[in-house]
Amino acid sequence: MTLPELNRLFSTDDDCREILTRLRWPAGVECPRCHNKNLWWVDSRKQFTCSECSYQFSVTTGTIFNDSHLALRNWFVAALLLVEARKGMSANQIKRTLGVSYKTAWYLCHRIRAAMKQVDQPMLDGTVEMDETYVGGKTHGAGMRGRGAAKEVVIGLRQRNGELRFFHAEDVKHGTLAKYIRENVSKDVDVIVTDELISYPWAMDEAGVAKDKHKTIRHKDRVYVAGDIHTNTVENAFSLLKRGIMGTWHKISAKHLPAYLDEMQFRFNRRKNANLFLDTLRHMVTADPLTFAKLTA
Ligand SMILES: [Zn+2]
């Protein structure tokens with residue numbers, strides 16, 4: 001999807017409402033309260049009224065669009081900018097492009113990001129690479145601010161030729177690593193490749209991964225690729241993440257790091273998906289609302 005295409009397909013808020021309605025209720029519109037499908041359309045309010053319980057709702061009721069005064073067209077443009085920017089898009093860029101206030105742009109970005117948070121993710125299988133990296137802190141420049149010079153740990157797990165997972169972790173102790181393995185890697189995994197970090201053998205043991213399934217690459221000895229035993233694909237994802245953090249997200253605080261990781265992960269896992277934009281809209285119109293109070297708590 002390009003901006004001209006978006007302008008052509010969704011030139012009015014009515015066009016936007018129509019596609020959102022199809023994405024939210026693919027089997028036909030139903031009342032969110034009682035699931036009745038017998039409804040009246042009130043065009044002046046752009047709302048449905050339920051014939052059973054009299055509930056009045058619009059296509060955006062109870063979604064992340066809830067209570068927004070922004071035109072749907074602007075939401076669509078913001079979503080397109082966010083999903084198409086491989087290295088991420090800052091709230092400041094959205095502010096300039098849409099001509100809205102920084103606060104509006106910031107809230108908008110966070111709500112779209114909240115919709116990108118994946119629930120019920122499939123377990124990773126086959127060959128899985130696991131690696132850890134650090135973002136923020138002084139030596140990495142002005143990437144992050146908020147918690148002094150503290151570096152934040154990001155754990156990456158990537159199924160070779162498959163999906164990526166990013167997590168903002170407390171530390172790289174074996175108990176922490178074991179938790180991410182248990183929650184994200186299938187019991188039937190063929191192989192997990194990591195670097196020589198001392199916590200990994202302990203973590204595998206704690207997560208119930210057999211010793212012969214864990215392969216280690218020795219970065220210390222500059223043995224980066226030994227046949228199929230490498231962590232290059234997860235490292236590629238990390239470098240994309242770091243370029244994003246350095247280049248566009250100037251004010252990421254530790255608190256919001258998980259949301260940025262969700263966004264990077266969402267985009268990365270769909271980079272070959274031709275319906276990326278519609279897929280994002282579908283998430284936006286089916287995800288729970290994110291209130292400003294909750295975001296700034
Ligand atoms: Zn109803």
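Rules used throughout
- Residues numbered from 1 in each chain as written.
- Predicted model: local features only at pLDDT ≥ 70, side-chain atom pairs only at ≥ 80, totals over all residues.
- Heavy atoms only, no water.
- Helix = DSSP H or I, 4+ residues; strand = E, 2+ residues; numbered from the N terminus.
- Buried < 20%, exposed > 50% of the residue type's maximum accessible area, 1.4 Å probe, protein only.
- Donors = N, O, S within 2.8 Å, 3.2 Å for Na, K, Ca; no water.
- Tetrahedral: all angles 85-135°; square planar, octahedral: opposite > 155°, others 65-115°.
- Axes fitted to C-alpha atoms, helices over the stretch in contact; angles between N-to-C directions.
- Parallel < 35°, antiparallel > 145°, perpendicular 65-115°, else oblique.
- Left-handed = near helix turned anticlockwise from the far one by under 90°.
- Contact = heavy atoms within 4.5 Å.
- Nonpolar A, V, L, I, M, F, W, Y, C, P; charged D, E, K, R; others polar.
- Patch = residues over 30% accessible without salt bridge, like charges linked within 9 Å, V, L, I, M, F, W, Y side chains within 5 Å.
- Areas by Shrake-Rupley, 256 points an atom, 1.4 Å probe, with all protein chains shown as cover.
- Salt bridge = Lys/Arg side-chain N within 4 Å of Asp/Glu carboxyl O.
- Lys, Arg positive; Asp, Glu negative; His and termini not counted.
- Charge placed at Lys NZ, Arg CZ, Asp CG, Glu CD.
- Pairing = 2+ DSSP bridges.

Asks: Quick one: what's the story with the environment of Arg 111, residue by residue and with numbers?
Replies: Tracing the sequence through the fold places Arg 111 in helix 5 (residues 102–116). Overall, the relative accessible area of 6% leaves Arg 111 in the buried class. Remark: the alpha-carbon pair of Arg 111 and Ala 79, spanning 32 residues in sequence, is separated by 10.0 Å.

Asks: Can you explain the coordination of the zinc ion? Please cite residues and give values.
Replies: Listed as protein donors to the zinc ion are Cys 31 (SG), Cys 34 (SG), Cys 50 (SG) and Cys 53 (SG); their distances from the metal cover 2.2 to 2.3 Å. Around the zinc ion sit 4 donor atoms; with metal-centred angles ranging over 100 to 121°, the donor geometry is tetrahedral. Positions of the donor residues of the zinc ion along the chain correspond to the pattern C-x2-C-x15-C-x2-C.

Asks: Describe the packing of helix 4 (residues 91–98) against helix 5, naming the residues involved and giving the relevant values.
Replies: Their axes nearest at 8 Å, the elements helix 4 and helix 5 cross at an angle of 120°. Relative to helix 5, the element helix 4 lies oblique. Note that helix 4 runs across helix 5; the crossing there is right-handed. Each of Ala 91, Asn 92, Ile 94, Lys 95 and Leu 98 in helix 4 lies in contact with helix 5, whose residues at this interface are Tyr 102, Ala 105, Trp 106, Leu 108 and Cys 109. A per-class count over the contact of helix 4 with helix 5 returns 8 nonpolar, 1 polar and 1 charged.

Asks: Quick rundown of a positive patch on the surface? Include the residues and the values.
Replies: Positive charge collects at one region of the surface, where Arg 86, Lys 87, Arg 243, Arg 271 and Lys 272 lie side by side. Here Arg 243 shows up in helix 8 (residues 232–247).

Asks: Describe the sheet that holds strand 3 (residues 56–57), with residues and values.
Replies: Within a sheet, adjacent strands bond to each other through the backbone by hydrogen bonds, running parallel or antiparallel. Strand order in the open sheet made by the 3 strands is 1-2-3, with antiparallel pairing throughout. The sheet is open, and its two edges are formed by strand 1 (39–42) and strand 3, each paired on a single side. Pairing of strand 2 (residues 47–50) with strand 3, which is carried by 2 bridges, proceeds in the antiparallel orientation. Directly across from Thr 49, in strand 3, lies its bridge partner Gln 56.

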